[in-house]
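Summary of the model geometry
Next come the chains, spelled out residue by residue.
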Amino acid sequence: MRKALVLPAVAVGGGLIGLVVRQVFLLKAFEPDTGLPVSGVPVTYAMWAVALVTAAAIIALSLGKHRTFEKAYTSAFGRGNMVQTSCTLAAAGLFLAAGFFNIEAFVSSPVNTFTMAREVSIVRPILGVVCLAAAAGIWFVVQEMWSFKQAASIWTLMPGFASCLWVMANYQNWAQDPTLERYLFSLAAILLSMVGCYCIPGFAFGKGQVSLTLIVCLLAGTFGIMVLGDGLPLMDTALILAMVFYLVSMASVLLANDARPEPPKPEAPPTCGGSCHGCTGCGPVPAVEENL
């Protein structure tokens, strides 16, 4: 049970320290006139040190022997406490906000007089609709978890669909930026979020991997917190916060359930060992009737 507290604390703490260091990095590591990176700035090495040390700690604490979770999604992510469930529901609210912000950004964006197209990518309103579906999906899954029911597989996939469209929506802006250092951590946060959002529903399809899910989800939370101060649009900031709350809370629930003792497996019924006439040895021991 200690890991359910320690590992999320490491991810969030490393992210907050990285957020402060990254703010100094963005102020000191680029020329104010041209925006080009300045080589040899000490804060650059400090930022990478925080990221790498946090990543190494998360990986080291996540590896090891884990439960198999034979009941799949319900066993892995059910029975969360009030704090964990509140954080997951907060993620649903943030997905809802991100959905509206993405749709609003497209609707209110100016139209280019030459191309007659809006300046905001058409992917944004699609992303907004999927974010709304992700918010509903998280809400329904939480309700099913509290009722100890098996979650509907399609609802568990919705955050993953949103993360895929999120990468597409930001690719155009990244391609126009010649400075990799400026958006590299944002790219890492989004890509890790995408992988984490597909590791979680893997348990609903019998493909869950505990160590991989913990590593990816918590690393996504760390990098997501680090880039919160990058001056991103409100639609992206809301989505990053949604991913941080969702992935870290789900990892915490998984850790808590992983620490619980695995239920004993039912014993196989005894067999006759093939001693009966015409028996293959696979059936249970037949009842013996007494002669009256």
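Residues numbered from 1 in each chain as written. Predicted model: local features only at pLDDT ≥ 70, side-chain atom pairs only at ≥ 80, totals over all residues. Heavy atoms only, no water.

**So, the packing of helix α9 (residues 210–226) against helix α10 (residues 234–259)**
- Look at α9 against α10: their axes get within 8 Å of each other, and the N-to-C directions meet at 145 degrees. You can see that α9 and α10 cross each other, and the crossing is left-handed. Of the residues in α10, those in contact with Val210, Thr213, Leu214, Cys217, Leu218, Ala220, Gly221, Gly224 and Ile225 of α9 are Ile240, Val244, Leu247, Val248, Ala251, Leu254, Leu255 and Asp258. (Axes fitted to C-alpha atoms, helices over the stretch in contact; angles between N-to-C directions. Helix = DSSP H or I, 4+ residues; strand = E, 2+ residues; numbered from the N terminus. Left-handed = near helix turned anticlockwise from the far one by under 90°. Contact = heavy atoms within 4.5 Å.)

**A look at the confidence of the model for the protein**
- Overall, the prediction assigns the protein a mean pLDDT of 80, with 77% of residues at 70 or greater.
- When pLDDT is averaged over each helix and strand of the protein, the minimum, 75, is found for helix α6 (residues 153–156) and the maximum, 92, for α9.
- Contacts from residues 288–292, a stretch scored under 50 in pLDDT, to residues over four places away or in other chains number 0 contacts. (pLDDT = per-residue confidence, 0-100.)

**Here we look at the pattern of salt bridges**
- Throughout the structure, instances matching the rule amount to 2 salt bridges.
- Here Arg22 and Asp230 are joined by a salt bridge, their closest N and O atoms 2.9 Å apart. Remark: Asp230 occurs in the loop between α9 and α10 and Arg22 occurs in helix α1 (residues 2–28); sequence separation between them is 208 residues.
- Asp236 is paired through a salt bridge with Arg124; the nearest N and O atoms lie 3.1 Å apart. Of this pair, Asp236 sits in helix α10 while Arg124 sits in helix α5 (residues 123–146), and the two are 112 residues apart along the sequence. (Salt bridge = Lys/Arg side-chain N within 4 Å of Asp/Glu carboxyl O.)

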